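Close look at the chain arrangement
Here is what each chain is made of, one letter per residue.
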Amino acid sequence: MDIVIRDDESKKAYCIVGESLFYAQILNDGSIDTKSWQPIFQDLTPYHTDMIEKLKNLQNTTRSLNAPIADFPFL
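Quick caveat, the model's predicted, so the values are computed rather than measured.

The next point concerns the packing of aromatic side chains. Following the criterion strictly, the structure yields one aromatic pair and no others. Here Tyr14 and Tyr47 contribute two aromatic rings whose centre-to-centre distance is 5.9 Å and whose plane-to-plane angle is 70 degrees, an arrangement assigned as edge-to-face. Placement of the pair is Tyr14 in strand β2 (residues 12-17) and Tyr47 in helix α1 (residues 46-66), with a sequence separation of 33 residues. Its relative accessible area of 4% is what places Tyr14 among the buried residues. Just above the ring of Tyr23 sits the side chain of Lys12; from NZ or CZ to the centre is 4.9 Å.

In this section: the side chain of Asp7. Along the chain, Asp7 falls in strand β1 (residues 4-7). Here Asp7 occupies a buried position and makes no salt bridge, while the nearest side chain of opposite charge, Lys12, is found at 8.2 Å. Polar side-chain contacts of Asp7 include one of 3.1 Å to the side chain of Ser10. Within the local environment of Asp7, its side chain forms a polar contact with the side chain of Tyr47, the two groups lying 2.4 Å apart. Not counting chain neighbours up to four residues away, the residues in contact with Asp7 comprise Lys12, Tyr14, Ile26 and Tyr47.

Examined bridge by bridge, β2 and strand β3 (residues 20-25) share six bridges and lie antiparallel to one another. Its bridge partner being in β3, Ala13 is matched across the sheet by Ala24. Counting the residues in the hairpin turn of β2 and β3 gives two residues, including Gly18, whose phi is positive at 65 degrees. By the bridge criterion, three bridges tie β3 to strand β4 (residues 38-40) in an arrangement that is antiparallel. Directly across from Leu21, in β4, lies its bridge partner Ile40.

Cut-offs applied
Residues numbered from 1 in each chain as written. Predicted model: local features only at pLDDT ≥ 70, side-chain atom pairs only at ≥ 80, totals over all residues. Heavy atoms only, no water. Phe/Tyr/Trp six-rings, centres within 6.5 Å; stacked < 30°, edge-to-face > 60°. Helix = DSSP H or I, 4+ residues; strand = E, 2+ residues; numbered from the N terminus. Buried < 20%, exposed > 50% of the residue type's maximum accessible area, 1.4 Å probe, protein only. Lys NZ or Arg CZ within 6 Å of the ring centre and 35° of its normal. Lys, Arg positive; Asp, Glu negative; His and termini not counted. Salt bridge = Lys/Arg side-chain N within 4 Å of Asp/Glu carboxyl O. Polar contact = N/O pair within 3.5 Å; in protein donor to acceptor, adjacent residues only side chain to side chain. Contact = heavy atoms within 4.5 Å. Pairing = 2+ DSSP bridges.

That's the geometry; what it means functionally is another story.
Following this line, the structure appears as C-alpha cells:
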C-alpha cells in the first residue's frame, strides 16, 4: 500500500510514485477521491519538495521495518 499524507487544511492528499508527486482531493466526508490522483510536474513549491522528502523518508522507514533480519549486515 502506498503511503499517503493528508493535508486537511488544503483538502488534498499526497502520494509519491517513483520520483513523481501526486495529489487527490479530500472529500467532505473525509475520504480521498481515489479517481482524481493528478501528478504535480511543474511549479514545485518548497511545500511540494518538503512533501516529497517526507514521503520518501516514510517509505524508507517502512521498508526498513519490514526488511528481514538478514538484510542488516551489521547484526
